[in-house]
Amino acid sequence: MSDALEPQPDTEPIKDPGLPEHLYRPQDVDESQARRTERQISGMFIVAALLLVGFCFGYVLIDDDQTFLGWSAQNFTFGMTLGGALLLMGVGIIQWAKKLMGDQEMVEMRHPSASSEEDRVAVMKDINDGINESGFGRRPMIRNSLLGAMGALGLPTLFLLRDLGPLPFGQSTTVWKKGMRLVNDVTGTPMKPGDLEVGQLVNGEPAIVYEVDDEGHPVLHGTELLQVKSKAAIIVVRMRPEDITPSKGRENWGIDGILCYSKICTHVGCPISLWEQQTHHLLCPCHQSTFDLADNGKVIFGPAHRPLPQLPLGLDDEGYIIAMSDFPEIVGPSFPEFARDQKKLDDKS
């Protein structure tokens, strides 16, 4: 056994890097110590195997509802046996590597990684020979058509990206339109002013959600139905008319104290319906944004920056509450293109 490093050539910049003298481990110089360490490591592996067998017995023999120190006895057994087995196996492997595997010091000099000038010249010659043999420069038609085909490979990528979902500006409208009835979101029953009492809040949806065609099949179904319900969900509240302070142009958006707002919070889009009838405040349960429904859905607390969109209301010939248009503002949370899309929406109205 020798601990001397290989002598370095005189051409190396540092002949002696200054490494301390190598110290051999007890297992390297004492065979009995090496055998004792081997037995210890093997013992860890054997115990690990027994613990894994215990895991299987625990799975079979321990009932699901059995407890140990207030914990699930089965989960406790699984954790102790599997965790213990993995720990012992890891410790055994580390001990094996540190105490029994070969312990040799090596010195490897670092040399410039750049190729020699001769090698670079040879490689460039091979590349140029390949280009000449392929005719890449002499046949521009093939070359240009190949480059065109490679460029066209990006087209499927664009279509696949488009297939990920609707474009953001497609979110600016909902299915609400003039004449569409407001219905209870549970029963689908159209609402009349007499159905709501002062202080009451009702969750609603547009009537089209419950409409059926001539054959009795739902007009909307599947993903389209879910998208409509998530965007067009509303809350309908009733308060005393004298408590309402409508902004200019909204004086006739309510019906005898009945107002309708989007159910989607303008912060990150959580459904919102925690209603405080005394203060007319609506609280979002996600981040505590609070809106004053008596004051045009104005934000009075929390991270939301936009008022709740309000739906103008009216009555049809049968006395049911209807929408007089779609929401004038975009429903849902803000997004980077929001200002552009809101301008488009304003230009249409």
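What you are looking at is a predicted structure, and each value in this text was computed from that prediction instead of being measured. (Residues numbered from 1 in each chain as written. Predicted model: local features only at pLDDT ≥ 70, side-chain atom pairs only at ≥ 80, totals over all residues. Heavy atoms only, no water.)

**Brief notes about the overall build of the protein chain**
Item 1. On a plain count of helices and strands, the protein chain comes out with eight helices and 12 strands.
Item 2. Taken against the 2.2 N^0.38 rule, which gives 20 Å for 349 residues, the C-alpha radius of gyration of the protein chain at 38 Å runs more than 25% over that of a compact globule.
Item 3. Expressed along its principal axes, the backbone C-alpha trace of the protein chain runs to roughly 105 × 80 × 50 Å.
Item 4. The buried share among the 349 residues of the protein chain stands at 29%.
Item 5. Per element, the accessible surface of the protein chain, about 23,200 Å² overall, is 59% carbon and sulfur. (Helix = DSSP H or I, 4+ residues; strand = E, 2+ residues; numbered from the N terminus. Rg over C-alpha atoms; globule rule 2.2 N^0.38 Å. Buried < 20%, exposed > 50% of the residue type's maximum accessible area, 1.4 Å probe, protein only. Areas by Shrake-Rupley, 256 points an atom, 1.4 Å probe, with all protein chains shown as cover.)

**A short note on the state of the cysteines**
Item 1. Overall, the coordinates contain one disulfide when judged by the stated rule.
Item 2. Linked covalently through their sulfurs, C270 and C286 form a disulfide whose S-S length is 2.2 Å. Handedness of the C270-C286 disulfide follows from its S-S torsion of about -110°: it is left-handed. Remark: C286 occurs in the loop between β8 (281-283) and β9 (290-292) and C270 occurs in the loop between β6 (258-262) and β7 (274-276); sequence separation between them is 16 residues.
Item 3. In this structure C270 comes out as buried when scored by relative accessible area, which is 12%. (Disulfide = S-S within 2.5 Å.)

**Observations regarding the side chain of R306**
Item 1. Of note, R306 is situated in the loop between β10 (298-301) and β11 (313-315).
Item 2. The buried charged residue R306 lacks any salt bridge partner; its closest oppositely charged side chain belongs to E329, at an N-O distance of 6.6 Å.
Item 3. There is a polar contact of 3.2 Å between the side chain of R306 and the backbone oxygen of I330.
Item 4. A distance of 2.3 Å separates the side chain of R306 from the backbone oxygen of G332, its partner in a polar contact.
Item 5. Excluding residues within four positions of it along the chain, R306 makes contact with T266, F291, V299, I330, G332, P333, S334 and F338. (Lys, Arg positive; Asp, Glu negative; His and termini not counted. Salt bridge = Lys/Arg side-chain N within 4 Å of Asp/Glu carboxyl O. Polar contact = N/O pair within 3.5 Å; in protein donor to acceptor, adjacent residues only side chain to side chain. Contact = heavy atoms within 4.5 Å.)

**A short note on the pairing of β10**
Within a regular beta strand, the side chains point alternately toward one face of the sheet and then the other, so they alternate between its two faces.
Item 1. Sheet topology places β9 next to β10; three bridges connect them, and they run antiparallel. Directly across from T290, in β10, lies its bridge partner F301.
Item 2. The antiparallel pairing of β9 with β10 creates a hairpin that spans five residues between the two strands, and N296 there sits at a positive phi of about 65°. (Pairing = 2+ DSSP bridges.)

**Topic: the pairing of strand β5 (residues 234-238)**
Item 1. Burial analysis of β5 places five of its five residues in the buried class, the great majority of the element.
Item 2. With burial as the criterion, each face of β5 is covered, one bearing I234, V236 and R238 and the other bearing I235 and V237.
Item 3. Relative to β5, strand β4 (residues 201-206) is paired through four bridges, and the arrangement is antiparallel. The residue of β5 that forms the bridge with G204 is I234.

**What to know about the domain arrangement of the protein chain**
Item 1. Along its sequence, the protein chain is carved into domain 1 (31-100) and domain 2 (180-333).
Item 2. Using C-alpha coordinates to define each centre, domain 1 is positioned 60 Å away from domain 2. (Domains from an automatic or database assignment.)

**Description of the sheet that holds β8**
Item 1. If you walk across this open sheet you meet the four strands as β7-β8-β9-β10, and the pairing is antiparallel. Only two strands of the sheet have a single neighbouring strand rather than two, namely β7 and β10. Direction aside, the axes of adjacent strands within the sheet are offset by 30° on average. (Axes fitted to C-alpha atoms, helices over the stretch in contact; angles between N-to-C directions.)

**With respect to the packing of aromatic side chains**
Item 1. Under the criterion given, the structure shown has four aromatic pairs.
Item 2. Judged by centre distance (6.1 Å) and plane angle (25°), the rings of Y59 and F78 are stacked. In this pair, Y59 sits in helix α2 (residues 31-61) while F78 sits in helix α3 (residues 73-99), placing the two residues 19 residues apart along the sequence.
Item 3. On the accessibility criterion, F78 (16% relative accessible area) is buried.
Item 4. Taking 4.9 Å as the distance between ring centres and 50° as the angle between the ring planes, the aromatic pair formed by F68 and F76 counts as tilted.
Item 5. Among the residues examined, F76 registers a relative accessible area of 26% and is labelled partly exposed.
Item 6. An aromatic cluster is defined as three or more aromatic residues linked by ring pairs; in this entry it consists of F55, Y59 and F78. (Phe/Tyr/Trp six-rings, centres within 6.5 Å; stacked < 30°, edge-to-face > 60°.)

**Here's the deal with the UniProt feature "transmembrane region" (unreviewed entry) in the protein chain**
Item 1. The sites that UniProt annotates as "transmembrane region" (unreviewed entry) are residues 41-62 and 74-97.
Item 2. Between the end C-alpha atoms of residues 74-97 the distance is 35 Å, and the span holds 100% helix and 0% strand. (UniProt positions renumbered as here; feature names shortened; annotations may be inferred.)

**Quick word on the environment of D341**
Item 1. Relative to the assigned elements, D341 resides in helix α8 (residues 338-348).
Item 2. Under the relative-accessibility criterion, D341 is labelled buried at 2%.
Item 3. With 199 residues separating them along the chain, D341 and I142 place their C-alpha atoms 46 Å apart.

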